[in-house]
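Report on the structure
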Amino acid sequence: MEDDFVGFFKYEGSLVQEGYFDARKSAEALIGIDEIMRYFLFQISKELQEKDIEIPVRIRKGSWEALIPHSLSEWLITGTGVALTTYATTALKKIAENDFKDKGTKDVTKEVFKAIKAVIKIAIHLKSLVIKSFEDVKFKDEDGIILVGIQNENGELLYVPEKYLEMYKNCPEKLFSKVAHHIEPERELEIGTNIDEVLDNDDIVQSVKVGFRSKSVFYKAPDENELLFPELTHGMYIELDGHISRGNENANSIGFEYMRHILTCYPVNGNIKDYKDVMFTNSKIKGTVDRRDDDGNINEKKPKIRFVDLEEIKLQNPQKGLFD
């Protein structure tokens, strides 16, 4: 059924009036959507990190849309082109039974979109994804939900449920970078919930739009000539605190967000599957710096890490620091 979906990611504007979108841009956008969906889904079940997820895409005149369907568990298990083993399929069904027992998978998908929309709304309000502390916050109770009012630089208040403010606070700065990359003056991004879905009390908006004026909040153009972290010299032993933002089984690598940059890291021994329990967490990485380029020369501008250990950082009373 054409409208059998919960949420969507959509580009629209004169640059996609005929439904065309460059293949490379489409590919990067889909990878970005995949990363965003995975990040918020994994807050529910970390075991989903090992599964391949394919996203249905609909291109029609005037827009380019990626649609997220109602049946999340079925989508995960039987997505077009995904060949899962019997073990993986059984595992996913078990996850659905255990993790979604109090909610249907449709409700879980709605929870993901509520979080995505709220985080983007907050970031646009603050014009930043890196502000992590707030002053002079306000509180109010609305339909039994505690809302937190946060001020922007103009003194304007935005009220959001406290749980979404916490998600904003923990959100990796570059999580939305790939989908924001292709926003132009004549092409904006909209993320939202199907208009036929009834909004919950804690769903603050039907959809959010990111136009060209807000692009810089979510996307920073890389400086290709910059030597990143020159203090991290080749062969140096390091222990860094950061956030694991992705895993790539084919490359046997992880993405480690450190000081607003994603470093590619490889295990010295074994497979990244050995570290599945710490994927998408705030973690400490231990290993050595590798600045070799593809030719073996030690002049790589962005360091890689050959790690021997990853351990999750347990935050002590993270709620306390929310408004510090």
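If you're wondering where the values come from, they're calculated on a predicted model, not measured in any experiment.

Some points on the pattern of salt bridges
In the structure shown here, the tally under the stated rule is 19 salt bridges. Lysine 127 is paired through a salt bridge with glutamate 153; the nearest N and O atoms lie 3.2 Å apart. With lysine 127 in the loop between α4 (105-126) and β4 (138-142) and glutamate 153 in the loop between β5 (145-151) and β6 (157-161), the pair connects residues that are 26 residues apart, well separated along the chain. Like glutamate 153, lysine 127 is exposed.

Some words on the side chain of aspartate 203
Here aspartate 203 shows up in the loop between β7 (188-193) and β8 (207-210). The buried category is assigned to aspartate 203, whose relative accessible area is 10%. A polar side-chain atom of aspartate 203 sits 3.1 Å from a polar atom in the side chain of lysine 117. Setting aside chain neighbours within four positions, we find aspartate 203 in contact with Lys114, Lys117 and Thr193.

Considering the packing of aromatic side chains
Enumeration over the complete set of coordinates arrives at 7 aromatic pairs. Here phenylalanine 134 and tyrosine 168 contribute two aromatic rings whose centre-to-centre distance is 6.2 Å and whose plane-to-plane angle is 50°, an arrangement assigned as tilted. With phenylalanine 134 in the loop between α4 and β4 and tyrosine 168 in helix α5 (residues 162-170), this residue pair connects regions lying 34 residues apart in the sequence. Of the residues examined, phenylalanine 134 reaches a relative accessible area of 6% and is grouped as buried. Over the face of the ring belonging to tyrosine 159 we find lysine 140, whose NZ or CZ atom lies 4.2 Å from the ring centre.

A closer look at the nonpolar core
With 71 residues, the main nonpolar core has Phe9, Phe40, Ile116, Phe176 and Ile285 as its most contacted residues. The dominant element in this core, judged by the number of residues it contributes, is α4, at 11 residues. Setting aside chain neighbours within four positions, we find isoleucine 116 in contact with Phe9, Ile36, Met37, Phe40, Phe176 and Ile191.

So, the environment of leucine 158
Mapping leucine 158 onto the fold places it in strand β6. Residue classification places leucine 158 among the buried residues on the basis of a relative accessible area of 14%. Separated by 36 residues in the primary sequence, leucine 158 and isoleucine 122 have C-alpha atoms spaced 7.6 Å apart.

Quick notes on the rules
The residue numbers shown here count from 1 along each chain, following its written sequence. Totals for whole chains, interfaces and linings use every residue, but because this is a predicted model, local features are given only for residues with pLDDT of at least 70 and side-chain atom pairs only at 80 or more, for both listing and counting. For side-chain calculations, the full set of non-hydrogen atoms in the structure is used, while hydrogens and water are omitted. Here, a salt bridge means any side-chain nitrogen of Lys or Arg that lies within 4 Å of a carboxyl oxygen of Asp or Glu. The helix and strand labels rest on DSSP assignments: H or I over at least four residues marks a helix, E over at least two residues marks a strand, and numbering proceeds from the N terminus. Whether a residue is buried, partly exposed or exposed follows from its accessible area with a 1.4 Å probe, protein chains only, as a fraction of its type maximum: under 20%, in between, or over 50%, in that order. A 3.5 Å cut-off defines polar contacts: any pair of N or O atoms within that distance qualifies, except that in protein one atom must be a possible hydrogen donor and the other a possible acceptor, and neighbouring residues in sequence count only when both atoms are side-chain atoms. Contacts were defined at the residue level, with two residues in contact if any of their heavy atoms lie within 4.5 Å. Only Phe, Tyr and Trp rings are paired, with Trp represented by its six-membered ring, and only when their centres lie within 6.5 Å; those with planes under 30 degrees apart are stacked, over 60 edge-to-face, the remainder tilted. Each ring is checked for a lysine NZ or an arginine CZ that lies within 6 Å of its centre and within 35 degrees of its normal; such an atom marks a charge sitting over the ring. The term nonpolar core refers to a set of buried residues drawn from Ala, Val, Leu, Ile, Met, Phe, Trp, Tyr and Cys, joined through side-chain atoms within 4.5 Å.

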